[in-house]
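# Observations on the three-dimensional arrangement
Each chain, written out:
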Amino acid sequence: MHSDPLLRVENLTTQFFTEAGTVRAVDGISFEVHEGEIVGLVGESGAGKSVASMSLMGLVESPGEIVAGEISYKGETIIAVEEGPDGQPRRRDDALSNEELRTRIRGNEIAVIFQDPMESLNPVFTVGGQLREFIERNRGLEADEAREEAIEMLREVGLPDPEQRYEEYPHQFSGGMRQRVLIAMALACEPSLIIADEPTTALDVTVEGQIIDLVDDLQEKYGTSVIWVTHDLGVVAEICDRVNVMYLGEIVEQAPVDELFYDTNHPYTNALLNSIPRPDRTVAQLETIEGVMPEAIDPPSGCRFHPRCPDARAVCERVHPETRVVADADGEPHRAACVKHDAFDVDYDGSPPLEAADEGGRSEPSETPGSELAANPTVDDSGGDGNE
Ligand SMILES: Nc1ncnc2c1ncn2[C@@H]1O[C@H](COP(=O)(O)OP(=O)(O)OP(=O)(O)O)[C@@H](O)[C@H]1O
Ligand code: NI
């Protein structure tokens with residue numbers, strides 16, 4: 001990790017200006033992706049993973065806007081927003097224009113794979129035709145050359161009978177096969193970075209495993225870097241080198257993957273880990289995270305996780321922690337945004353627990369299944385899907 005990163009994201013802040021108020025979807029996140037790395041972006045639904053991904057490619061649509069931050073790719077500033085004289089955010093002079101982002105970066109340098117392939121494939125054209133056209137357009141190849149290349153890519157992503165499959169329509173493909181086609185499309189322009197936004201969420205577990213293996217193999221073969229967006233820490237463990245855990249628009253923990261699992265430093269990550277199904281536990285024993293993630297429109301004061309946090313103390317209501325280095329992971333920083341760590345000098349230990357815990361002292365989560373995160377009456381579980 002001594003080389004310059006392929007992608008550097010600094011203080012990325014993306015908001016949606018809605019009638020109900022300003023949605024702070026991505027609220028000042030910073031992370032890096034190095035060459036040949038698979039970096040995870042993980043968190044519950046609504047954490048801001050997709051908005052962050054779209055922001056990286058300059059694809060946020062109105063009423064959304066990147067209001068602050070800087071993104072550099074291969075050492076070049078591609079997106080940068082500063083405060084203008086009128087106090088409004090504006091594009092910095094050295095950043096790329098939308099046109100430059102579209103022609104130079106998207107597809108060629110950074111490609112994206114979405115959860116639902118049907119959104120990216122046109123049902124009225126053959127799969128091969130779409131892939132060929134994409135290759136023609138983006139690589140300037142002649143039609144028959146592009147056809148050869150398309151078939152080669154279909155073979156590369158593990159589609160049986162690629163010549164025959166080339167002539168078929170998207171509805172003739174299974175979900176997993178369609179996802180393979182999208183991977184072929186993403187790889188066709190030989191990008192240096194692929195953003196995969198929950199590409200396996202809609203697939204059954206076996207097919208999901210196959211797609212993960214495929215991306216892993218291709219990543220190794222081509223040296224492509226990948227940002228893998230998921231709500232599933234199990235998938236992260238399988239495929240990622242480094243991980244960013246997001247909660248309500250912020251990165252709350254950031255570490256190499258083994259470190260994250262063996263030396264977990266944020267209570268939210270811990271809660272996510274405890275909610276992973278394990279073969280040695282029955283469903284009834286699963287500890288899902290209680291309560292619904294609050295709205296990004298009006299996040300809780302202090303630490304945004306405090307209303308659901310088993311470790312919350314009074315200080316957590318007041319102090320909004322940024323991510324700080326809390327441990328060393330073989331020379332790499334392990335960051336967390338939780339004031340219980342010494343790196344935050346706010347007298348967490350001297351601060352009273354937020355609610356008087358039953359029978360004096362806060363119990364380990366496993367001793368009071370299901371209640372530890374639900375205990376706080378301020379948790380609003382009236383909307384959204386709180387099951388994740
Ligand atoms: N077009 C939009 N207008 C208003 N708010 C939006 C819009 N798109 C996203 N948001 C809000 O931004 C926040 C982050 O959403 P995002 O889709 O990035 O979450 P996510 O982590 O990708 O969740 P999921 O796992 O469900 O895909 C949410 O509060 C969401 O409601
Ligand atoms: Ni998403």
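Residues numbered from 1 in each chain as written. Chains lettered and ligands numbered in written order. Predicted model: local features only at pLDDT ≥ 70, side-chain atom pairs only at ≥ 80, totals over all residues. Heavy atoms only, no water.

## Some thoughts on the pattern of salt bridges
Applicable threshold: Within this document, salt bridges are pairs made up of a side-chain nitrogen of Lys or Arg and a carboxyl oxygen of Asp or Glu, the two lying within 4 Å of each other. Relative accessibility thresholds used throughout: buried, under 20% of the residue-type maximum; exposed, over 50%; partly exposed, between the two (1.4 Å probe, protein chains only).
Tallied over the full model, the rule gives 24 salt bridges. For the salt bridge of Arg155 with Glu163, the shortest nitrogen-to-oxygen distance reads 3.6 Å. Since its relative accessible area comes to 44%, Glu163 is described here as partly exposed. Because the salt bridges share partners, they merge into one network encompassing Arg24, Asp27, Glu250 and Arg304.

## What to know about the sheet that holds strand E11 (residues 250–256)
Our working rule: Pairing between two strands requires that DSSP report at least two bridges joining them. Secondary structure is summarised from DSSP: a helix means a run of H or I of at least four residues, a strand means a run of E of at least two, and numbering begins at the N terminus for each. Every angle, taken between N-to-C directions, lies between 0 and 180 degrees, and every axis is a line fitted to C-alpha atoms, over only the stretch in contact when it is a helix. By definition in these notes, contact holds between two residues if any of their heavy atoms fall within 4.5 Å.
If you walk across this open sheet you meet the eight strands as E7-E8-E9-E3-E10-E11-E13-E12, and the pairing is mixed. Strands with a single pairing partner mark the edges of an open sheet, and in this sheet they are strand E7 (110–113) and strand E12 (324–329). Across the sheet, the mean angle separating the axes of adjacent strands is 20° when strand polarity is ignored. Taken together, the four bridges between strand E3 (residues 38–42) and strand E10 (residues 242–247) define a ladder with parallel strand orientation. Within E10, the position partnered with Gly40 by the bridge is Val243. The strands that helix H7 (residues 175–188) touches are E7 and strand E8 (193–197); relative to E7, the one it contacts most, it runs at about 175°. Each of E10 and E11 touches helix H11 (residues 267–274); the most contacted strand, E10, lies at about 100° to it.

## Digging into the side chain of Ser55
In this structure, Ser55 sits in helix H1 (residues 49–56). Those residues in contact with Ser55 that lie beyond four places of it in its chain are Leu12, Thr14, Val60, Ile66, Ile71 and Ile79.

## Here we look at the packing of H7 against helix H8 (residues 205–222)
Convention followed: For this classification, under 35 degrees means roughly parallel, over 145 means roughly antiparallel, 65 to 115 means roughly perpendicular, and everything else is oblique. If you view the pair so one helix is near and one far, a crossing is left-handed when the near helix is turned anticlockwise from the far one by less than a right angle, and right-handed when it is turned clockwise.
Packing of H7 against H8 brings their axes to within 10 Å, and their N-to-C directions diverge by 15°. When the axis of H7 is compared with that of H8, the two are roughly parallel. As H7 packs across H8, the resulting crossing turns out to be right-handed. Across the interface between the two elements, Gly176, Gln179, Arg180, Ile183 and Leu187 from H7 touch Val207, Gln210, Ile211, Leu214, Val215, Leu218 and Tyr222 from H8.

## Comments concerning the confidence of the model for the protein
The line we're drawing: Confidence per residue, as judged by the predictor, is encoded in pLDDT with a range of 0 to 100.
For the protein, per-residue confidence averages 87 on the pLDDT scale, and 87% of positions sit at 70 or higher. The least confident element of the protein, judged by mean pLDDT, is helix H3 (residues 117–120) at 76; the most confident is E11 at 98. Low pLDDT, under 50, characterises residues 356–388; the predicted model gives this stretch 42 contacts beyond four residues in sequence or across chains.

## Section: the pairing of strand E9 (residues 225–230)
Where we set the bar: We call a crossover right-handed when, viewed with the strands running away from us, the connection from the first strand over the helix to the second turns clockwise.
The buried fraction of E9 is high, at six of six residues. Side chains Ser225, Ile227 and Val229 project from E9 onto one buried face, and the interleaved Val226, Trp228 and Thr230 project onto a second face that is buried too. Here E3 pairs with E9 via five bridges, running parallel. Looking at the pairing, Ile38 lines up with Val226 of E9. Handedness of the β-α-β unit built from E8, H8 and E9 comes out right-handed.

## Thoughts on the nonpolar core
Where a protein is soluble and globular, its nonpolar side chains tend to be buried together. Applicable threshold: The definition of a nonpolar core used throughout is a set of buried Ala, Val, Leu, Ile, Met, Phe, Trp, Tyr and Cys residues joined through side-chain atoms within 4.5 Å.
Residues Leu7, Phe31, Leu56, Ile183, Ile227 and Trp228 are the most contacted members of the largest nonpolar core, which totals 93 residues. In terms of residues, this core owes the most to one element, H7, which gives nine residues. Leave out the neighbours within four places in its chain, and Phe31 touches Leu7, Arg8, Val9, Leu41, Leu56, Ile227, Asn244, Ile251 and Gln254.

## Notes on the site of ligand 1
The test is simple: Whether a residue is near a molecule or strand depends on its heavy atoms: if one lies within 4 Å, it is near. As used in this structure description, the phrase polar contact means that two N or O atoms lie within 3.5 Å; if the pair is within protein, one of them must be able to donate a hydrogen and the other to accept it, and residues adjacent in sequence are counted only when both atoms belong to side chains. The Shrake-Rupley method, run with a 1.4 Å probe, gives the accessible areas here. Residue values count only the displayed protein chains as cover.
Around ligand 1 sit 14 residues in total, of which Ser45, Gly46, Lys49, Ser50 and Val51 are the nearest. Ser45 places a polar side-chain atom, nitrogen or oxygen, 2.5 Å from an oxygen atom of ligand 1. The contact in question runs from an oxygen atom of ligand 1 to an N or O atom on the backbone of Gly48, over 3.0 Å. Across the complex, the protein chains shield 67% of the 640 Å² of accessible surface that ligand 1 would expose by itself. Broken down by secondary-structure element, the contributors of at least two residues to the shell around ligand 1 are strand E1 (7–18), strand E2 (21–33) and H1.

## Here's the deal with unusual backbone geometry
Most peptide bonds take the trans configuration, and most residues that are not glycine carry a negative phi. A cis geometry characterises the amide bond from Ser62 onward to Pro63, with omega recorded as 10°. The topology assignment puts Pro63 in the loop between H1 and strand E4 (64–73). Its identity as a non-glycine residue notwithstanding, Lys74 has a phi of 50°, on the positive side. On the secondary structure map, Lys74 appears in the loop between E4 and strand E5 (76–83). Although it is not a glycine, Glu198 sits at a positive phi angle of roughly 45°. Turning to its location among the elements, Glu198 is positioned in the loop between E8 and H8.

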